[in-house]
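A structural walkthrough
In case you want the letters, here they are:
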Amino acid sequence: MPPFGFLHMRVWASLFGQLLRSPRAVCIREVHFHSQGTRDISPQQMVVREKILDMVVGCFKRHGAKRLDTPAFELKEMLTEKYGEDSGLIYDLKDQGGELLSLRYDLTVPFARYLAMNKVKKMKRYHVGKVWRRESPTIVQGRYREFCQCDFDIAGQFDPMIPDAECLKIMCEILSGLQLGDFIIKVNDRRVLDGMFAVCGVPESKFHAICSSIDKLDKISWKDVRHEMVAKKGLAPEVADRIGDYVQCHGGVSLIEQMFQDPRLSQNKQALDGLGDLKLLFEYLTLFGIAEKISFDLSLARGLDYYTGVIYEAVLLQTPAQAQESFNVGSVAAGGRYDKLVGMFDPKGHKVPCVGLSIGVERIFSIVEQRMKTFGQKIRTTETQVFVATPQKNFLHERLKLIAELWDAGIKAELLYKNNPKLLTQLHYCEDMGIPLVVIIGEQEMKEGIIKLRSVASREEVAIKRENLVAEIQKRLSES
């Protein structure tokens with residue numbers, strides 16, 4: 001089965017019917033059973049997803065977050081004008097009688113709406129849920145129209161850069177824990193970006209449009225970005241060239257110091273505020289022991305309109321072999337500070353400063369699945385611990401009594417749904433499904449008041465007194 005093997009199924013029309021209608025033309029018809037950019041997730045894929053999500057959520061909980069959920073759709077007016085140029089990717093629902101609704105585009109805007117509606121001033125929350133975007137899906141990169149997001153956010157008025165530093169620490173913990181390979185987290189600040197636009201001569205009315213162009217630098221070359229800014233967005237060529245001098249800079253604390261001394265940037269208060277916070281951020285990142293994973297990158301823009309301060313994005317560093325395979329998943333985590341978003345939903349405009357991150361789990365699933373496919377790893381899709389078997393006919397009642405006893409003791413158990421299954425069929429099932437233990441009951445065992453307990457891996461069998469069976473199984477499972 002191909003990775004995510006789902007997007008299309010081929011339906012072969014009846015060859016005889018085709019031949020009767022046209023003896024020379026046999027047509028093969030391809031039918032799409034669901035929308036492009038969506039997919040079914042097989043049991044094998046679900047196992048991989050659950051392990052990754054458990055690890056991600058475990059990290060969120062370790063940092064003290066509470067879980068929140070919000071509706072899959074919101075009032076359309078709640079979502080519009082929050083995403084800049086990406087607003088055209090929002091899925092609008094058909095008018096069902098007065099309310100104009102849209103599917104949620106991300107988990108951040110619904111969180112801000114929740115804080116404002118419930119007058120919550122302080123909260124550390126995580127949210128795992130599906131979101132929808134009407135973009136061209138690129139399946140190989142793990143990009144879909146329907147996908148899962150995993151968000152962690154800290155809302156509230158706190159001292160500068162402490163929550164922001166924790167968000168970057170969480171990103172490092174998760175990406176290191178998933179063992180995806182080497183990564184770097186690019187960091188910038190929207191105030192530095194806006195200050196840079198101002199000193200380069202970008203009209204304020206074009207800030208967001210130019211920001212969206214800069215955001216494409218990880219996908220297309222500077223030459224193409226420059227062309228878009230000049231030809232499509234009407235920016236003067238000399239202004240674009242000044243921007244080009246900045247956006248090709250990246251480094252650490254030394255680059256921040258260099259920007260403080262920059263003759264143009266140092267004249268802009270907004271940029272200086274952003275640089276001051278970034279300097280403080282790097283101080284905390286050094287204390288967390290992760291500064292070497294972070295790069296101050298002036299090309300990082302994050303196109304969403306709601307960001308107001310520090311922004312960041314994690315990318316995997318490709319090995320030469322991965323580069324040859326053209327398997328580039330782009331960013332695997334991103335986020336930033338959005339201090340004004342909650343105020344947009346509050347009738348009195350009360351602001352709640354927020355900072356957060358989103359883990360790109362769909363892209364991570366793509367990488368892990370690709371690797372498992374490459375290495376031919378087999379995945380167990382069930383957690384069954386014990387199989388109840390019999391070598392004889394007419395033992396269904398005894399098997400049912402025995403399996404009920406195991407279930408009641410909290411043991412994960414299965415049996416075949418047949419009155420008289422063959423023993424070999426039952427043992428083969430255990431091997432195929434990776435079930436570690438088999439309990440065997442037959443006439444001889446009934447007479448002697450025992451049950452045979454068999455290890456599937458070693459094929460060793462021991463006789464256990466019926467009353468001691470549950471305790472013996474639990475002992476073995478705790479040792480494995």
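Residues numbered from 1 in each chain as written. Predicted model: local features only at pLDDT ≥ 70, side-chain atom pairs only at ≥ 80, totals over all residues. Heavy atoms only, no water.

By the naming in an unreviewed UniProt entry, the protein chain goes by histidine--tRNA ligase and is assigned to Panthera leo. Under the heading Catalytic activity (unreviewed entry), UniProt records this for the protein chain: "tRNA(His) + L-histidine + ATP = L-histidyl-tRNA(His) + AMP + diphosphate + H(+)". In its Sequence similarities (unreviewed entry) section, the UniProt record describing the protein chain reads: "Belongs to the class-II aminoacyl-tRNA synthetase family." (UniProt positions renumbered as here; feature names shortened; annotations may be inferred.)

Considering the overall build of the protein chain
Helices and strands together make up the secondary structure of the protein chain, namely 18 helices and 18 strands. Relative to its full complement of 480 residues, the protein chain shows a buried share of 47%. When contacts within the protein chain are restricted to residue pairs at least 6 apart in sequence, those whose partners lie at least 24 apart make up 68%. Accessible surface for the protein chain amounts to roughly 24,800 Å². Of this, 53% is attributable to carbon and sulfur atoms. (Helix = DSSP H or I, 4+ residues; strand = E, 2+ residues; numbered from the N terminus. Buried < 20%, exposed > 50% of the residue type's maximum accessible area, 1.4 Å probe, protein only. Contact = heavy atoms within 4.5 Å. Areas by Shrake-Rupley, 256 points an atom, 1.4 Å probe, with all protein chains shown as cover.)

Things to note about the UniProt feature "binding site: L-histidine" (unreviewed entry) in the protein chain
Residues annotated in UniProt with the feature "binding site: L-histidine" (unreviewed entry) correspond here to Asp106, Leu107, Thr108, Arg133, Gln149, Asp153, Arg302, Tyr306 and Tyr307. Contacts of Asp106, omitting those with residues within four sequence positions, involve Tyr83, Val131, Arg133, Gln149 and Tyr306. Here Val109 takes part through its backbone nitrogen, which lies 3.2 Å from a polar atom of the side chain of Asp106. For Gln149, a relative accessible area of 9% corresponds to the buried category. (Polar contact = N/O pair within 3.5 Å; in protein donor to acceptor, adjacent residues only side chain to side chain.)

Here's the deal with helix H5 (residues 162–177)
In a regular helix each residue adds 1.5 Å, so 16 residues correspond to 22 Å; H5 covers 22 Å between its end C-alpha atoms and thus fits that length. Along H5, 13 of the 16 residues are buried, which leaves the element largely enclosed by surrounding structure. (Expected span 1.5 Å × (residues − 1).)

Concerning the nonpolar core
Of all hydrophobic cores here, the largest spans 78 residues; its most connected members are Phe60, Ile185, Phe197, Ile214, Ile243, Tyr312 and Ile359. The biggest single contributor to this core is H5, with eight residues. Not counting the four nearest positions on each side in its chain, Ile359 is found in contact with Val56, Phe60, Cys150, Ile174, Val332, Ala333 and Ile364. With 25 residues, the next largest nonpolar core counts Leu79, Tyr83, Tyr338 and Val342 among its residues. (Core = buried A, V, L, I, M, F, W, Y, C linked by side-chain atoms within 4.5 Å.)

Focus on the sheet that holds strand E11 (residues 310–316)
Pairing is mixed in the open sheet, where nine strands are placed in the order E3-E6-E7-E13-E12-E11-E8-E10-E9. Of all strands in the sheet, those with a lone pairing partner are strand E3 (66–67) and strand E9 (250–251), marking the two edges. The pairing of E11 with strand E12 (residues 331–337) spans five bridges and is classified as antiparallel. Looking across to E12, one finds that Val315 is bridged to Ser331. H5 rests against strand E6 (123–132), strand E7 (146–155), strand E8 (183–189), E11, E12 and strand E13 (354–359) of the sheet, and its axis sits at about 10° to E13. (Pairing = 2+ DSSP bridges. Axes fitted to C-alpha atoms, helices over the stretch in contact; angles between N-to-C directions.)

Focus: the packing of helix H2 (residues 43–62) against H5
Between H2 and H5, the least distance of the axes is 10 Å, while the angle of their chain directions is 150°. Judged by the angle between their axes, H2 and H5 are roughly antiparallel. Regarding H2 and H5, the two cross each other, and that crossing is right-handed. Each of Met55, Val56, Cys59, Phe60 and Arg62 in H2 lies in contact with H5, whose residues at this interface are Ile170, Glu173, Ile174 and Gly177. Class assignment for the residues of the contact of H2 with H5 results in six nonpolar, one polar and two charged. (Parallel < 35°, antiparallel > 145°, perpendicular 65-115°, else oblique. Left-handed = near helix turned anticlockwise from the far one by under 90°. Nonpolar A, V, L, I, M, F, W, Y, C, P; charged D, E, K, R; others polar.)

What to know about the packing of H2 against helix H14 (residues 361–375)
Describing two packed helices takes the angle between their axes plus the distance from one axis to the other. For the pair H2 and H14, the least separation of the axes is 10 Å and the interaxial angle reads 125°. When the interaxial angle is binned, H2 and H14 end up oblique. Every pair of crossing elements has a handedness; the one defined by H2 and H14 is right-handed. Contacts between H2 and H14 involve Gln45, Val48, Arg49, Ile52 and Leu53 from the former and Val361, Glu362, Ile364, Phe365, Val368, Glu369 and Met372 from the latter. Split by residue class, the contact of H2 with H14 holds eight nonpolar, one polar and three charged.

So, the confidence of the model for the protein chain
Confidence along the protein chain averages 87 in pLDDT terms, with 89% of residues attaining 70 or more. In the model, residues 1–31 has pLDDT below 50 throughout and makes 37 contacts with residues more than four positions away in sequence or in other chains. (pLDDT = per-residue confidence, 0-100.)

Thoughts on the pattern of salt bridges
In total, this model carries 29 salt bridges according to the counting rule given. One salt bridge connects Lys293 with Asp182, and the closest N-O pair in it is separated by 2.7 Å. Here Lys293, found in the loop between helix H11 (269–287) and strand E10 (294–297), pairs with Asp182, found in the loop between H5 and E8; they are 111 residues apart in sequence, far enough to count as distant. One salt bridge in this structure joins Glu398 and Lys401, with 3.4 Å as the shortest N-O distance. Remark: Lys401 and Glu398 occur in helix H15 (residues 396–408); sequence separation between them is three residues, near one turn of the helix. Taking relative accessible area as the criterion, Glu398 reaches 17% and is therefore assigned buried. Take Lys401: its relative accessible area is 52%, and that puts it in the exposed class. The structure contains a network of salt bridges with shared partners spanning Arg39, Arg49 and Glu362. (Salt bridge = Lys/Arg side-chain N within 4 Å of Asp/Glu carboxyl O.)

Quick word on the environment of Arg39
Locating Arg39 in the fold gives a position in the loop between strand E2 (29–31) and H2. A sequence separation of 108 residues divides Arg39 from Phe147, and the C-alpha atoms of the two residues are 9.5 Å apart. For Arg39, the side chain forms a polar contact with the main-chain oxygen of Glu146, separated by 3.3 Å. For Arg39, the side chain forms a polar contact with the side chain of Glu362, separated by 2.3 Å.

Some words on the packing of aromatic side chains
Applying the stated criterion to the full structure yields six aromatic pairs. With a centroid separation of 5.6 Å and 45° between ring planes, the pair formed by Phe387 and Tyr429 is classed as tilted. With Phe387 in strand E14 (residues 386–389) and Tyr429 in helix H16 (residues 423–433), the pair connects residues that are 42 residues apart, well separated along the chain. For Phe387, a relative accessible area of 0% puts it in the buried group. Clustering of aromatic rings is evident, with ring pairs tying together Phe60, Tyr126 and Phe152. (Phe/Tyr/Trp six-rings, centres within 6.5 Å; stacked < 30°, edge-to-face > 60°.)

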